[in-house]
2 protein chains.
Amino acid sequence: MADPIRVVQYGLGPIGLASVAVLLKKQATGQVQLTGAIDIDPDKAGRDVAELLHRDEPSGIVVSADAEQVLRETKPDVVAHTTSSFLDRMHDQLVLCAEAGAHVVSSTEELAYPYDRHPEISAELDRVAQTNGVVILGTGVNPGYAMDVLALTATGACTDVRSVRVERIVDAGKRREPLQRKVGAGIHVDEFEERKLTGTFGHIGLRESLLLVADGLGWTFDHIEETLDPAIALENVKTAFLEVKVGDAAGIHHKITGYRDGVALLTLDLKMYVGAHNPQDAVYVDGTPPIDLVVQGGIFGDTATVAALVNAIPLVLHGPPGLRTVKDMPPPRAFATLPAVTEAAPPAS
Amino acid sequence: MADPIRVVQYGLGPIGLASVAVLLKKQATGQVQLTGAIDIDPDKAGRDVAELLHRDEPSGIVVSADAEQVLRETKPDVVAHTTSSFLDRMHDQLVLCAEAGAHVVSSTEELAYPYDRHPEISAELDRVAQTNGVVILGTGVNPGYAMDVLALTATGACTDVRSVRVERIVDAGKRREPLQRKVGAGIHVDEFEERKLTGTFGHIGLRESLLLVADGLGWTFDHIEETLDPAIALENVKTAFLEVKVGDAAGIHHKITGYRDGVALLTLDLKMYVGAHNPQDAVYVDGTPPIDLVVQGGIFGDTATVAALVNAIPLVLHGPPGLRTVKDMPPPRAFATLPAVTEAAPPAS
């Protein structure tokens, strides 16, 4: 059997810690090994990651604030990177990893398709990655899977595609508290409008998914329209963390459409709000043949983001080196699973 | 803009001719060009492919029975290969293409995952492909997409996978006549059992899909169970080509399951019969999170096989050289589509 893939976790927020938990579990397969953990938070540095996961048994992996030292001393094959949604705040972290000879899989939303928003950073990352023979990849559930890879894949059996519409409905009430706060659940619609003016409100990565799908299909747009509206609560909703009153914002309705010659070619429609009764991920392809793909019940985001990240680890090992997107990697698939052979078989037909 | 990808069509049966039709249409995008067509059938050799498609306007591409000459003279980047379902009958054709420096995308079902059934041929094809710097890839809708790539992709957002169940229900009554005959629509159940004894009855490629998914997930089985039963007609059905009487075979129910330690880890369940009321493609992942993915109405096979084949053309260009399967290529997506900008926009939200 091959040696386990050596992985350093860079960033120990909620997603990073969840990634650590998944990696530690997968170590039992012998296919992967956590060799280090990086976070600048003084409350985390110096502590065993197991402690941060509220576990009694130490893992032996102590968090360090010194990324350079961790990379140098543990020589990871891959860095799982989860520090920020925004590329300009931390692209030097990615450079550091690449220069240490490590591939990078990152949940940074802007990295899912960085070429449009950050052409210069993209060029630099591509150059550094190629020079060091590594892949830098942005992935996650959204962007990185639900509204882009799944949409592209849905067109894979079509000879013609006239337009594509992707709809994701997320019941934010079942997600972690920061996400519920982030989508504005429970705030007045006036406050919603004020937050919009900050420019950092709404789902991050919708434009990246749009451009990723367009690139994959070889499409260009002459006009892109993006709207962000409150999903208004039609009833009072109470989650584990907050309350939403009827008429207030229950979350977001974020939509982006790419047009050419006035025709909507590609639409991504995202609703994330507490109290959503019909969570789902859907891709409708007006093509030959037509495709009506639905993930019923939706793809549960908190888990799936970590899954998309960790599942990309074995895929980046085989390059080709450079800044890549999920459309350049092999089809995503679960990695280092442990089929629970003592559990019951799936339902018979 | 890049030069068009030069493609030779090798094999002009129903799928091959449909491929030619799609390629000729896509030429308008400037991304692909049909440069030759090969078939040994004396009724086809010497005739313009447009004539075989019952078109008045000649295409300029005349069918030749001399594969070597066509490859040498037209120097294709990629050969679209559609001559047989079985590898041992024609792997020398693939070698010929590779030695001419052409990548190959083939609808040969056994090529979708050839390593198990044909280890020696696989080793030879891999060697020849690597030596000549080309990719040899088997693809199609099934195997190659509906029951393997889609299943793998469905697990891509899961941290754990305990088992996977794939169900494809095809209304054979809407498919071409050879397929209706092939699944035994209208024959008596006794004749069905007799045909089973020939060993070439049933869907070709189910085992290939099973092993492809298992390989992608890193799973091995200690036992594989395969069953082929008639789908019994519960009513009289009349298609454009044949009649099925109640109680006779309406088609096939072909199922394969991979077990470990007595547990069914992966099941592919295929029903192809005339009169199916609920065609669909479904993937159920018993994982974390669980995934319930359905292509409602199913993926229409005759078109989709050609689509999967043609859509793989740009993907094989970027290697890596060798015998590959669809799990090694980037996620499938439509290629050289012509968004019909004068047509209506998709339905509003």
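Residues numbered from 1 in each chain as written. Chains lettered and ligands numbered in written order. Predicted model: local features only at pLDDT ≥ 70, side-chain atom pairs only at ≥ 80, totals over all residues. Heavy atoms only, no water.

(A) Summary view of the environment of A:Gln33. All names here are of chain A. Within the secondary structure, Gln33 sits in strand 2 (residues 32-38). Gln33 gets classed as partly exposed once you look at its relative accessible area, which sits at 34%. For the pair Gln33 and Asp269, spaced 236 residues apart in sequence, the C-alpha separation works out to 38 Å. Residues within four places of Gln33 in sequence aside, it is in contact with Pro4, Ile5, Arg6, Val7 and Gln27. (Helix = DSSP H or I, 4+ residues; strand = E, 2+ residues; numbered from the N terminus. Buried < 20%, exposed > 50% of the residue type's maximum accessible area, 1.4 Å probe, protein only. Contact = heavy atoms within 4.5 Å.)

(B) Region of interest: the relation of the copies chain A and chain B. Once turned by 180° and shifted 0.0 Å along the axis, chain A lies on chain B with an RMSD of 0.0 Å. Taken together, these values place the two copies in the relation of a two-fold axis. A share of 98% of interface residues in chain A that are also interface residues in chain B marks the association as one of identical surfaces. (Least-squares fit on C-alpha atoms with pLDDT ≥ 70 in both.)

(C) Fine view of the interface of chain A and chain B. In this assembly, 64 residues from chain A lie in contact with 63 residues from chain B. Of the roughly 5500 Å² buried between chain A and chain B on both sides combined, carbon and sulfur atoms contribute 58%. Where chain A packs against chain B, one counts two salt bridges. B:Lys25 is the partner of A:Asp160 in a salt bridge, and the nearest nitrogen-oxygen pair spans 2.6 Å. Linking chain A to chain B there are 19 residue pairs in polar contact (both at pLDDT 80 or more). The element best represented in the side of chain A that touches chain B is strand 14 (residues 291-296) of chain A, accounting for six residues. Taken together, the three bridges between strand 14 of chain A and strand 14 (residues 291-296) of chain B define a ladder with antiparallel strand orientation. The residue of strand 14 of chain B that forms the bridge with A:Val294 is B:Val294. (Buried area = accessible area lost by both parts, 1.4 Å probe. Salt bridge = Lys/Arg side-chain N within 4 Å of Asp/Glu carboxyl O. Polar contact = N/O pair within 3.5 Å; in protein donor to acceptor, adjacent residues only side chain to side chain. Pairing = 2+ DSSP bridges.)

(D) Main features of the packing of helix 4 (residues 91-99) of chain B against helix 5 (residues 119-131) of chain B. Residues and elements named next belong to chain B. Running from amino to carboxyl end, helix 4 crosses helix 5 at an angle of 10°, the nearest separation of the two axes being 9 Å. One way to sum up the angle between helix 4 and helix 5 is to call them roughly parallel. Touching His91, Leu94, Val95, Ala98 and Glu99 of helix 4 are Ile121, Glu124, Leu125 and Val128, all from helix 5. Class assignment of the residues belonging to the contact of helix 4 with helix 5 gives a composition of six nonpolar, one polar and two charged. (Axes fitted to C-alpha atoms, helices over the stretch in contact; angles between N-to-C directions. Parallel < 35°, antiparallel > 145°, perpendicular 65-115°, else oblique. Nonpolar A, V, L, I, M, F, W, Y, C, P; charged D, E, K, R; others polar.)

(E) The nonpolar core, seen in detail. Counting residues in hydrophobic clusters, the biggest one holds 186 residues, and the most contacted among them are A:Leu293, A:Ile299, B:Leu293 and B:Ile299. Not counting residues up to four positions away in its chain, the partners in contact with A:Ile299 are A:Val141, A:Tyr145, A:Ala146, A:Leu150, A:Arg168, A:Asp281, A:Ala304, B:Ala157 and B:Ile291. (Core = buried A, V, L, I, M, F, W, Y, C linked by side-chain atoms within 4.5 Å.)

(F) How the structure looks around the packing of aromatic side chains. Taken as a whole and assessed by the stated rule, the structure comprises four aromatic pairs over all chains. Note on A:Phe192 and A:Phe201: the rings are 4.9 Å apart at their centroids and 75° apart in plane angle, and the pair reads as edge-to-face. Look at A:Phe201 and you get buried, because its relative accessible area is 12%. A centroid spacing of 5.0 Å and a plane angle of 85° characterise the contact between B:Tyr113 and B:Tyr115, whose relative ring orientation is edge-to-face. Between the NZ or CZ atom of B:Arg175 and the centre of the ring of B:Phe300, over which it lies, the distance is 5.9 Å. (Phe/Tyr/Trp six-rings, centres within 6.5 Å; stacked < 30°, edge-to-face > 60°. Lys NZ or Arg CZ within 6 Å of the ring centre and 35° of its normal.)

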